[in-house]
Amino acid sequence: MSAPYPGVNDVAVFEALESNVRTYCRAFPTVFRTAKGARLTDEAGRGFIDFFTGAGALNYGHNPDAIRAKLIEYLAGDGVSHALDMHTTAKRRFLQRFLEVVLAPRNLDYKVQFCGPTGANTVEAALKLARLVTGRTTVCSFTGGWHGMTSGCLTVTAHREHRKTAGVPLANTTILPYPVGPYPFPNALQHIEHLLADPGSGFDLPAAFLLETVQAEGGIYVAPVEFLQGLRALCDRTGILLMVDDVQAGCGRTGTFFSFERAGIVPDVVCLSKSIGGYGLPMSLLLIRPAFDRWKPGQHTGTFRGNQLAFVAGEAALEYWRQPEFEASIARHGETIRRTLLTELVAVHPEIEVRGLGLLWGVDLSRAGGIGLGAAISRRCFERGLLVEACGRHDSVLKLLPPLVIEEATLREGLALLTQATKDVLSSR
Ligand code: PMP
């Protein structure tokens, strides 16, 4: 261990004491001290533009003033800070606001289940509920899908290396082809329909389909609307539950509050986490069509269900969704990204591919230089002052996730850093 008084950006204590399991600190190797809006500052006073935003947990940026004020007021007034699933004023206010601003205007009739605070815990709840409701065991998920790292979630997560970390056979799930991806299955829906119709397919009726309507960790793949609508119709015919994992793509990331709104479908179950806590505060919830809320009390319990501070911040964050301008501003920023990537970044290398929706964009480098390029450009971005994560197969896609509330000038500045970093890396190869 080094000296007891570490200097700025000294990482000695982390390296000495923290487990080898840590990841993001390796991609972004400094010590962050403060953050505001779309910017983080490290201990040496260096600023970074944040296109990573807590992997989608900070859609409203770092320390937004209006939400912070509500949190300070709540803390100063000795508001309840922990209550398991007991009734509190903070929870009532969150539920009322969620009903008023999110569910009612979209004609959505859901029961709300507060789960343990991670995305993985809401997925665990969804898996259990699907089996409880249907009495069937198999849950189908999709190639490229990402649903979390607990043992249950790994059964539906497609990433081969991560699946191995479970250390046990991953059972009672089937991975089906997702229509889009580096190995696309344009006839995915027909394939599933045939599996179900063919008495010789060896495919038993599953309890549920679980999917992201836009795959994020998988490499930014946007499922076609017809696929989503076809899956909904198929579920209606067969009694299979349709479960959408909106942990990363929800809370406005794709331009609407829920990612499935663009397809005009209503899932039976929806997983939400990350930005539902408004301020990066942990919270997750499961939305359940009332007919499927068949839990008996306590069948998915846990000490940290419903984070009171996250209720306060989440309620305040939903104010954005009252403003008719908000969705339009996400669309405008998305268009800035699309245009800039297609003109400036693709000019760096013609085989760079760009995909996305709302403020969830992917820069696919797999044809522009192969394995390792995504991670190399992410590193170079960091050196230039931009946080951007690599995702997808072989980390070959850069995932752009700026705060929904980013200023236009900062967005353009970040995109320019990305273009410059891409030029740096490609010209040095
Ligand atoms: N589902 C999706 C779609 C995700 O992107 C993630 C996290 N990246 C999870 C589930 C798991 O969430 P958490 O890391 O909070 O457990």
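For the structure, check the block above.
Quick notes on the rules
Residues numbered from 1 in each chain as written. Predicted model: local features only at pLDDT ≥ 70, side-chain atom pairs only at ≥ 80, totals over all residues. Heavy atoms only, no water. Helix = DSSP H or I, 4+ residues; strand = E, 2+ residues; numbered from the N terminus. Rg over C-alpha atoms; globule rule 2.2 N^0.38 Å. Buried < 20%, exposed > 50% of the residue type's maximum accessible area, 1.4 Å probe, protein only. Contact = heavy atoms within 4.5 Å. Areas by Shrake-Rupley, 256 points an atom, 1.4 Å probe, with all protein chains shown as cover. Lys, Arg positive; Asp, Glu negative; His and termini not counted. Charge placed at Lys NZ, Arg CZ, Asp CG, Glu CD. Near = heavy atom within 4 Å. Polar contact = N/O pair within 3.5 Å; in protein donor to acceptor, adjacent residues only side chain to side chain. Salt bridge = Lys/Arg side-chain N within 4 Å of Asp/Glu carboxyl O.

Points about the overall build of the protein
Piece 1. Counting its secondary structure elements, the protein contains 14 helices and 17 strands.
Piece 2. Its C-alpha radius of gyration of 22 Å places the protein within 12% of the 22 Å reference for a compact globule of 429 residues.
Piece 3. Principal-axis analysis of the C-alpha atoms places the extent of the protein at approximately 60 × 55 × 50 Å.
Piece 4. Sorting the 429 residues of the protein into buried and exposed places 52% on the buried side.
Piece 5. Expressed as a percentage of contacts within the protein between residues at least 6 apart in sequence, the contacts between residues at least 24 apart total 72%.
Piece 6. Carbon and sulfur atoms make up 55% of the accessible area of the protein, which totals about 18900 Å².
Piece 7. Charged side chains in the protein number 43 positive and 42 negative. The centres of these two groups are separated by 2 Å.

Here's the deal with the site of the ligand
Piece 1. Looking at the ligand, the residues that line it are Thr 118, Gly 119, Ala 120, Trp 146, His 147, Gly 148, Glu 212, Glu 217, Asp 245, Val 247, Gln 248 and Lys 274.
Piece 2. Contact distances for the ligand include 2.8 Å between an oxygen atom and a backbone N or O atom of Ala 120.
Piece 3. Within the backbone of Trp 146, one N or O atom sits 3.5 Å away from a nitrogen atom of the ligand.

Here we look at the pattern of salt bridges
Piece 1. Taken as a whole and assessed by the stated rule, the structure comprises 29 salt bridges.
Piece 2. Lys 36 is the salt-bridge partner of Asp 65, the closest N and O atoms lying 2.5 Å from each other. Here Lys 36 lies in strand β1 (residues 32-36) and Asp 65 lies in helix α4 (residues 65-76), a separation of 29 residues in the sequence.
Piece 3. Among the salt bridges present, the one from Glu 319 reaches Arg 322, with a minimum N-O distance of 3.2 Å.
Piece 4. A single salt-bridge network, built from bridges that share partners, covers Arg 93, Arg 97, Glu 100, Glu 315, Glu 319 and Arg 322.

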